[in-house]
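Each chain is listed here by its residues.
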Amino acid sequence: MAKKTEETKSPVSEMRLDKFLKVSRIIKRRSVANDACDSDHVSVNGKPGKPGLKLKVGDILTVRYGANETRYEVLSISESVRKEQAADMYRIVP
């Protein structure tokens, strides 16, 4: 049986906010990411993040989970990544 080759899609320059949250695994499901954006739990560069907002490398995301707030810097954008590489798409900003 032939060994499955590893497929890596080329990086893109921008991506919808809800899709980035799902692909990077910050939020597990795209529908949950969409709801979080609609209910103002996500902001981008200090402005409310709507699901269709185009995200670019260098943007700062703020995600509120209950009373906790976490900030992320977007390091790369890719259409799909393996679970092990998802954390390489962002870094947590103190």
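Overview of the structure. (Residues numbered from 1 in each chain as written. Predicted model: local features only at pLDDT ≥ 70, side-chain atom pairs only at ≥ 80, totals over all residues. Heavy atoms only, no water.)

**Digging into the environment of glycine 58**
By the element assignment, glycine 58 lies in the loop between β4 (54-56) and β5 (60-65). The class of glycine 58 is partly exposed, set by a relative accessible area of 37%. With 32 residues separating them in the primary sequence, glycine 58 and tyrosine 90 have C-alpha atoms 9.3 Å apart. Apart from residues no more than four positions distant in its own chain, glycine 58 is found in contact with Glu73 and Val74. (Helix = DSSP H or I, 4+ residues; strand = E, 2+ residues; numbered from the N terminus. Buried < 20%, exposed > 50% of the residue type's maximum accessible area, 1.4 Å probe, protein only. Contact = heavy atoms within 4.5 Å.)

**Let's talk about a positive patch on the surface**
Residues Lys22, Arg25, Lys28, Arg29 and Lys83 make up a contiguous surface patch of positive charge. Here lysine 83 is to be found in the loop between β6 (68-74) and β7 (90-93). With a relative accessible area of 62%, lysine 83 lands in the exposed category. (Patch = residues over 30% accessible without salt bridge, like charges linked within 9 Å, V, L, I, M, F, W, Y side chains within 5 Å. Areas by Shrake-Rupley, 256 points an atom, 1.4 Å probe, with all protein chains shown as cover. Salt bridge = Lys/Arg side-chain N within 4 Å of Asp/Glu carboxyl O. Lys, Arg positive; Asp, Glu negative; His and termini not counted. Charge placed at Lys NZ, Arg CZ, Asp CG, Glu CD.)

Read these as geometric descriptors, not functional statements.
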